[in-house]
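This is what each chain is made of:
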Protein chains: 2
Amino acid sequence: MADKFMSMRNLKFTLFSRKGKYPSDNPDYLKDHTPKTIDMVFKAAAELARKAMHPMFEEMDRYSPTLENGHVHVHEGVRPMLETLGQDGWIAAGFPEKWEGENMPSSLLLCINFIFATANYSASVYAGLTMGAAKLILNFGSTQLQDTCIPPMLSGKWQGTMALTEPEAGTSLGDLCTEAIPMEDEKYKINGEKIFISTGDHDAVDNVVHLMLARIKGAPAGAKGISLFVVPKLRFDDNGDLIGNDVIVTQLFHKLGYRGAPITGLRMGENNNCIGWLVGKKHKGLSYMFQMMNNARLEVGMGAAAIATAAYHAALDYCRSRHQGRKVTAAKDSKPIPIIQHPDVKRMLLFQRAVVEGSLSLILQCGMYEDILGSNPANKDCHLLLEILTPIAKTYPSEMGILSTSAAIQCFGGYGYCDDFPVEQHFRDMRIHTIHEGTTGIQGLDLLGRKIVMENGRALILLKQEMEESIQAAKLHKNLDAMTQDLTQAMAILEKTTKDLGALAMEKGPEAYLADASLYLEMFGILVIAWQWLTMADAASYAIKTKSQGQTKPNKKEILFYEGKLHVAQYFFSHELPKIKGLSKTLADKTQVTLTMPDACFTD
Amino acid sequence: MADKFMSMRNLKFTLFSRKGKYPSDNPDYLKDHTPKTIDMVFKAAAELARKAMHPMFEEMDRYSPTLENGHVHVHEGVRPMLETLGQDGWIAAGFPEKWEGENMPSSLLLCINFIFATANYSASVYAGLTMGAAKLILNFGSTQLQDTCIPPMLSGKWQGTMALTEPEAGTSLGDLCTEAIPMEDEKYKINGEKIFISTGDHDAVDNVVHLMLARIKGAPAGAKGISLFVVPKLRFDDNGDLIGNDVIVTQLFHKLGYRGAPITGLRMGENNNCIGWLVGKKHKGLSYMFQMMNNARLEVGMGAAAIATAAYHAALDYCRSRHQGRKVTAAKDSKPIPIIQHPDVKRMLLFQRAVVEGSLSLILQCGMYEDILGSNPANKDCHLLLEILTPIAKTYPSEMGILSTSAAIQCFGGYGYCDDFPVEQHFRDMRIHTIHEGTTGIQGLDLLGRKIVMENGRALILLKQEMEESIQAAKLHKNLDAMTQDLTQAMAILEKTTKDLGALAMEKGPEAYLADASLYLEMFGILVIAWQWLTMADAASYAIKTKSQGQTKPNKKEILFYEGKLHVAQYFFSHELPKIKGLSKTLADKTQVTLTMPDACFTD
């Protein structure tokens, strides 16, 4: 297996090349974290990833979790990994000092989870899910719930989960029907069934705490009647001993990939003895959950970018070392060349870099907005920017990651289709991301149906301002002239499409407006990633200029890195950005066949 | 599992809607096969597929072949399946009467293999590979080789394979180094190694016959020194008994999908006792192999279309029966609707139909040219049309099939990621097709570097004439006006791109010309499939018109089928064809980053 699964240089370059209204050479939003301390943290994370996660990358897939006598068994390396993550403070890092955390900014947490996920995606989700669940308890739970749950969760001894999906309701959360019957105080009897619960049960922890959506008996129908509960696998009895809480594992899903993490079905209250603790106020569950959802969706995009990054590095390594064929202009009896020298292979590598580095950049852009917002929750502009970019940061890496990992397979030829190399696993692991935490279709509806129209379209105006600032900054570099022009033109195309769709909504109603929302999301995503590439090209151009003129002798390898960035940016602008031409034409098509084709015509 | 994995109605519609210079209401090229006899043959094939192949679709994947003591064991259902295929004449169908065949046209063989492959792709390749190998022996082998090998192969008792790839040479066949040392007559001692040999060894047959490329000792270097041999697993001794031929299975590849068929590594001559029989003339091996390659590539495209077809039918079935969510305009307390009614789900189904039905149509278009050429090998026009379309017929279904099966997964949501439904297996089975029988990169070079320039570009001129005839025919239907205009415009864009690339070749040489050949292939493919959709829309419009005006009462279900065709054609023209806008822009880009980026810039 390839030794390298990520580039530390690229991660730091990306973190420190944020632009826009919030300049970032020594960015405020990272608080007291300096490039030097960040370097130390990232190195420690990479070391842990290499030692505790990467060695079991293949094994966790080949020997995936099993369900025996109602208990889920996972790889024996998961427990010591979680213990280390707990002991060394990685799970608590984003929490306040009270919980022995360090209040680490979201941006840095995203980077750390990125490092973990490049090493072993399945391994990385255990702690990630616990962090999310503990954050919900911290933000909305009672003091008692906090005191009971947060310490063992942050120490890696208890697993946290998000338990939303039900067999019949799926994406349509308003239809869920797990029932909660009031007992005393904040206690409720829980009765119902959940499916697709990631890390829903396993033997690498002593307990599992489900953050579960349910409907209190007599609550209003639909989304407004849903409350949030803590439903543990084991609960404390009056003596302070952990006893069963009537949560049964009904099934373990056998999946295409992402096999190192158990995804379970759960049955609560089979013996009418399952207790849940209300989190926050009654009937507010969905809004609590959705306050966490932006971050959860960023994490999905980050996971997708991480998997595709690992696949890219494996492919790059192979393309450098594998000799085959020769240039079309070479003598027939010349020696075979490394396949990276074939333009089509180079194209596939450029494509992967364009996708994975562009995706990472967008995710850290969102991380920055999260952090600014964290310091100042009243910053409405930042909130809106985060709102409009989240569906893209979730979807672009996930959708394009399928193609990117597929390109990694293609770089290997037949070997890529075999499990001697890690890329076929990356391809399988990747495929979940367009589905979990809201499918691509849902993200499209969210972007066009909610984020574009909220506050009279102010989010798009703010985003345009951000892009314009980046364009102005990039104009200082003459080599970026063509890119700034292309991005300006692309923005105009998006604005026209948005306006035309608005007119369509007025004329024909919301269904016509939203019919091709997924394509609008796709088009929007390409534009946003082009913007990110421009900011990276800007930062790279700046670095080349200053390093060349600096006192110290320019480091040749660094210069090559920055020149590489410029080439990949060029690739994005010449090979990816033009796709919006076709998409804008499709979105302008009046026939709207996705709306007008009768179901009955799907005959044969 | 969904019961339906293909549509017989659609297969027959597609077969009988060929247009162009060779009208096809009762087409000559199908010889004495009438719609009635064809119907009988297809029904019998579907029956066999349903009974002997489909029931082991999952099992062949879950319990994939094993290698024990040098022998490969496959699913126990493979042997009876091959016996049936042999006894009932399916393997021999395309062969002359002398071999108890029926001289069945290629078009019909493609249809039959399509039916088999929709039921169980892995199961379908065993007989398909035997047919191809036996055909090579028939066309170029000695009478003795024919008499020895063809009968047991066509009876399903012996397996045939194509043994080309070697560990170091891969795609670059000219570099292969398996050696053949002359013995007597046509016998040679064989020494070397092969990898990725499909059905290279297994226990469902009594012998395996490898059609193997090797280099006779002292032969010229490169492609011109390669000869073709029959190298059997077992050979006859002087008593007429089968004895070992020193062919050792070195490994069994563990693959992402396509797991029901064993792919092996082979070592010939470990004990200097492997004998091969020369097929045809010395040093002509590659040209013999390439005469079979067009058909082999069509079969790959067909296989890809078949897998995506099966995935589409599974997704369609699910989307009709699964109720979730409601229309954006519906009351919140209304009942959940079948998800096929959501425009985004409909879009994904339309996309799949557009890909799979368009692909099948192109493959049968190529089958028609093969059959016309079979009757009259001097028909140079047909030959050129087949030459230019083959890389597209191989690649479009394979590349788009990845996206199509991925869309099938997406239709199922989380369930699609689990092995409770067949689509995750289809997604895995699909991924081999852009690799085997020449990668997409190789197909791009073949199209742009060879097919476009051969005979002064005559193939493209002929293809344009074919398209123009289709456009003229479609102009009789007013409802197709927009499509005929769009296709005409798209052809002009392709011509301009081709011309510009020609100018680039003159100015900057072949490397610049071929740098983005894969994208040219992609663009060309979209145009060609648009043409196929226009011919299908033409045939559907004609059918609606005649059926509505006919003596007999129009069958409502049939009308819905034809109207469905028109909607999917509309989808292709509004959602897929516009992609050539972006591609033509990319191909016109002067920076040529896939050529100019230095390898050294792939640092970090």
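Source: prediction; values computed, not measured. (Residues numbered from 1 in each chain as written. Chains lettered and ligands numbered in written order. Predicted model: local features only at pLDDT ≥ 70, side-chain atom pairs only at ≥ 80, totals over all residues.)

A.B. asks: Just checking my understanding: could you explain the overall build of chain A for this structure?
C.D. replies: Scanning chain A for helices and strands turns up 19 helices and twelve strands. Whereas a compact globule of 604 residues would reach a radius of gyration of roughly 25 Å, chain A reaches 25 Å, a difference of no more than 12%. The dimensions of chain A, computed from C-alpha atoms along their principal axes, are 80 × 60 × 60 Å. Among the 604 residues that make up chain A, the fraction classed as buried is 58%. (Helix = DSSP H or I, 4+ residues; strand = E, 2+ residues; numbered from the N terminus. Rg over C-alpha atoms; globule rule 2.2 N^0.38 Å. Buried ≥ 20, exposed ≤ 12 C-beta atoms within 10 Å, placed from the backbone.)

A.B. asks: I tried to follow the environment of Ser-361 of chain A on my own but got confused; where do I start?
C.D. replies: Residues and elements named next belong to chain A. Mapped onto the elements of the fold, Ser-361 is located in helix α9 (residues 343–375). Under the C-beta neighbour-count criterion, Ser-361 is labelled buried, with 25 such atoms within 10 Å. Residues Ser-361 and Asp-39, 322 residues apart in the sequence, show an inter-C-alpha distance of 18 Å. Setting aside anything within four residues of it in sequence, one finds Ser-361 in contact with Thr-14, Gln-532 and Met-536. (Contact = placed C-beta atoms within 7 Å.)

A.B. asks: What's the story with the nonpolar core in this structure? I'm lost.
C.D. replies: Burial of nonpolar side chains together is a common tendency in soluble globular proteins. In this structure, Phe-229 and Ala-315 of chain A together with Phe-229 and Ala-315 of chain B are the most contacted members of the largest nonpolar core, which totals 418 residues. Non-local contacts of Phe-229 of chain B, meaning those with residues more than four positions away in its chain, are made with Ala-180, Tyr-188, Ile-190, Met-212, Ala-214, Gly-276, Trp-277, Leu-278 and Val-279 of chain B. (Core = buried A, V, L, I, M, F, W, Y, C linked by C-beta atoms within 7 Å.)

A.B. asks: Quick question: what am I supposed to make of the interface of chain A and chain B here?
C.D. replies: One widely used convention gives an interface's size as the accessible area the parts lose upon coming together. Opposite the 85 residues of chain A that make contact, chain B presents 86 residues. Per-class residue counts for the side of chain A that touches chain B are 31 nonpolar, 32 polar and 22 charged. (Nonpolar A, V, L, I, M, F, W, Y, C, P; charged D, E, K, R; others polar.)

A.B. asks: Looking at this structure, I do not really get the relation of the copies chain A and chain B. What am I missing?
C.D. replies: For these two chain copies, the linking operation is a rotation about an axis paired with a shift along it. Structural alignment of chain A on chain B gives an RMSD of 0.0 Å, achieved by rotating through 180 degrees and translating 0.0 Å along the axis. Expressed as a symmetry operation, the mapping of one chain copy onto the other fits a two-fold axis. Taken together, the interface assignments show that 100% of the residues at the interface of chain A recur at the interface of chain B, consistent with an identical surface on both copies. (Least-squares fit on C-alpha atoms with pLDDT ≥ 70 in both.)

A.B. asks: How do you make sense of the pairing of strand β5 (residues 187–198) of chain A when you look at a structure like this?
C.D. replies: When a strand is regular, its side chains alternate between the sheet's two faces. Residues and elements named next belong to chain A. Counting buried positions over the twelve residues of β5 gives nine, a clear majority of the element. Relative to β5, strand β4 (residues 179–182) is paired through four bridges, and the arrangement is antiparallel. Within β5, the residue paired with Pro-182 across the bridge is Tyr-188. Linking β4 to β5, which pair antiparallel, is a turn of four residues; within it Asp-185 sits at a positive phi near 45 degrees. Summarising the sheet, β5 and strand β11 (residues 263–268) pair through five bridges and their orientation is antiparallel. The residue bridging Glu-193 from the neighbouring strand is Arg-267, located in β11. (Pairing = 2+ DSSP bridges.)

A.B. asks: Explain the domain arrangement of chain A here, please?
C.D. replies: Residues and elements named next belong to chain A. Domain annotation for chain A reports domain 1 (31–283) and domain 2 (288–587). Using only C-alpha atoms to locate each centre, domain 1 and domain 2 end up separated by 30 Å. Each side of the interface is counted separately: domain 1 has 26 residues, and domain 2 has 29 residues. Broken down by secondary-structure element, the contributors of at least two residues to the side of domain 1 that touches domain 2 are α3 (57–62), α5 (106–119) and α6 (121–140). In terms of residue count, the dominant contributor to the side of domain 1 that touches domain 2 is α5 (seven residues). The class makeup of the residues in the side of domain 1 that touches domain 2 is 14 nonpolar, nine polar and three charged. (Domains from an automatic or database assignment.)

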